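Below, each chain spelled out in residue letters.
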Amino acid sequence: MNGCSQNDNMESIVDKFANLECRAINLRNKRFELASTIRKLDGETSAYKKKQLDSLKLIADNTAIQSLQLADTIKEDLQRYFKNNLTTLEARSQFNQDLKAKILAKKCIQAVIE
């Protein structure tokens, strides 16, 4: 029974980190899309386009801040979890494999680079 409980706990932890990683991937994609749109609008002379560009730059700045904060959260949580719960290389390797599989299943990305 304890092994089952431990597996359930591991699955919930993997799911938590997969959700965080998916949010990070979505923020990254949003940043790239905003940067592309900003590049297209940069140099426009109309007042409307300049206002639109300023608005997009503000959104891009806020998205970058969110992305950095989320990256810090993921890094700190992973370090703490590895230190306290995944003390063996085998356990860490299994966690990483499970996490990659969960991220792929959530379709946040099409493939995970090994």
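Scroll up for the structure.
If you're wondering where the values come from, they're calculated on a predicted model, not measured in any experiment.

Draft legend 1. Seen up close, the overall build of the protein. Looking only at helices and strands, the protein has 3 helices and 0 strands in total. What you see in the protein, going N to C, is helices and strands ordered as α-α-α. Counting the 114 residues in the protein, one finds 23% classified as buried. A separation of at least 24 residues holds for 64% of the contacts in the protein among residues at least 6 apart in sequence.

Draft legend 2. Structural context of unusual backbone geometry. A positive phi is found at Lys 107, a non-glycine position, where the angle reads about 60°. With respect to the helices and strands, the residue Lys 107 is situated in the segment after α3 (89-105).

Draft legend 3. Just the packing of aromatic side chains, in detail. Within the structure shown, the criterion is met by 4 aromatic pairs. Ring geometry for Phe 17 and Phe 95: centres 5.8 Å apart, planes at 85°, overall edge-to-face. Pair noted here: Phe 17 is in helix α1 (residues 2-41) and Phe 95 is in helix α3, with a separation of 78 residues, a long-range link. Between Tyr 81 and Phe 95, the ring centres sit 5.6 Å apart and the planes meet at 45°, which makes this aromatic pair tilted.

Draft legend 4. Summary view of α3. With 17 residues, α3 ought to run about 24 Å at 1.5 Å a step, and its terminal C-alpha atoms sit 24 Å apart, in line with that. Listing the buried residues of α3 in full gives Phe 95, Leu 99 and Ile 103. The arc that holds every buried residue of α3, seen down its axis, measures 65°, which confines them to one face. Exposed and facing more than 90 degrees away from the buried side of α3 are Glu 90 and Ala 105. Among the residues trailing α3, Lys 107 stands out with phi positive, at a value near 60°.

Draft legend 5. Region of interest: the pattern of salt bridges. A complete count under the given rule lists 5 salt bridges for this structure. Taking the shortest distance from any N to any O, the salt bridge between Asp 77 and Arg 80 comes out at 2.5 Å. Of this pair, Asp 77 and Arg 80 both sit in helix α2 (residues 47-84), 3 residues apart, which is roughly one turn of that helix. Taken together, the shared-partner salt bridges connect Glu 11, Asp 15, Lys 102 and Lys 106 into one network.

Draft legend 6. Molecular detail of the side chain of Thr 63. By the secondary structure assignment, Thr 63 is in helix α2. Given a relative accessible area of 1%, Thr 63 falls into the buried group. A polar atom in the side chain of Thr 63 sits 2.8 Å from the backbone oxygen of Ile 59. The residues touching Thr 63, leaving out its near neighbours within four places in the chain, are Leu 27, Lys 30, Arg 31 and Leu 34.

Draft legend 7. Expanded view of the nonpolar core. In this structure, Phe 17, Tyr 81, Phe 95, Leu 99 and Ile 103 are the most contacted members of the largest nonpolar core, which totals 17 residues. Sorting the residues of this core by element identifies α1, α2 and α3 as the ones contributing at least two each. Top contributing element to this core by residue count: α1, with 8 residues. Grouped together as the second largest cluster of nonpolar side chains are 6 residues, Leu 34, Ile 38, Leu 41 and Ala 60 included.

Cut-off values and rules
- Residues numbered from 1 in each chain as written.
- Predicted model: local features only at pLDDT ≥ 70, side-chain atom pairs only at ≥ 80, totals over all residues.
- Heavy atoms only, no water.
- Helix = DSSP H or I, 4+ residues; strand = E, 2+ residues; numbered from the N terminus.
- Buried < 20%, exposed > 50% of the residue type's maximum accessible area, 1.4 Å probe, protein only.
- Contact = heavy atoms within 4.5 Å.
- Phe/Tyr/Trp six-rings, centres within 6.5 Å; stacked < 30°, edge-to-face > 60°.
- Expected span 1.5 Å × (residues − 1).
- Arc of directions from axis to C-beta.
- Salt bridge = Lys/Arg side-chain N within 4 Å of Asp/Glu carboxyl O.
- Polar contact = N/O pair within 3.5 Å; in protein donor to acceptor, adjacent residues only side chain to side chain.
- Core = buried A, V, L, I, M, F, W, Y, C linked by side-chain atoms within 4.5 Å.

No statement about biological role is implied by the geometric values presented.
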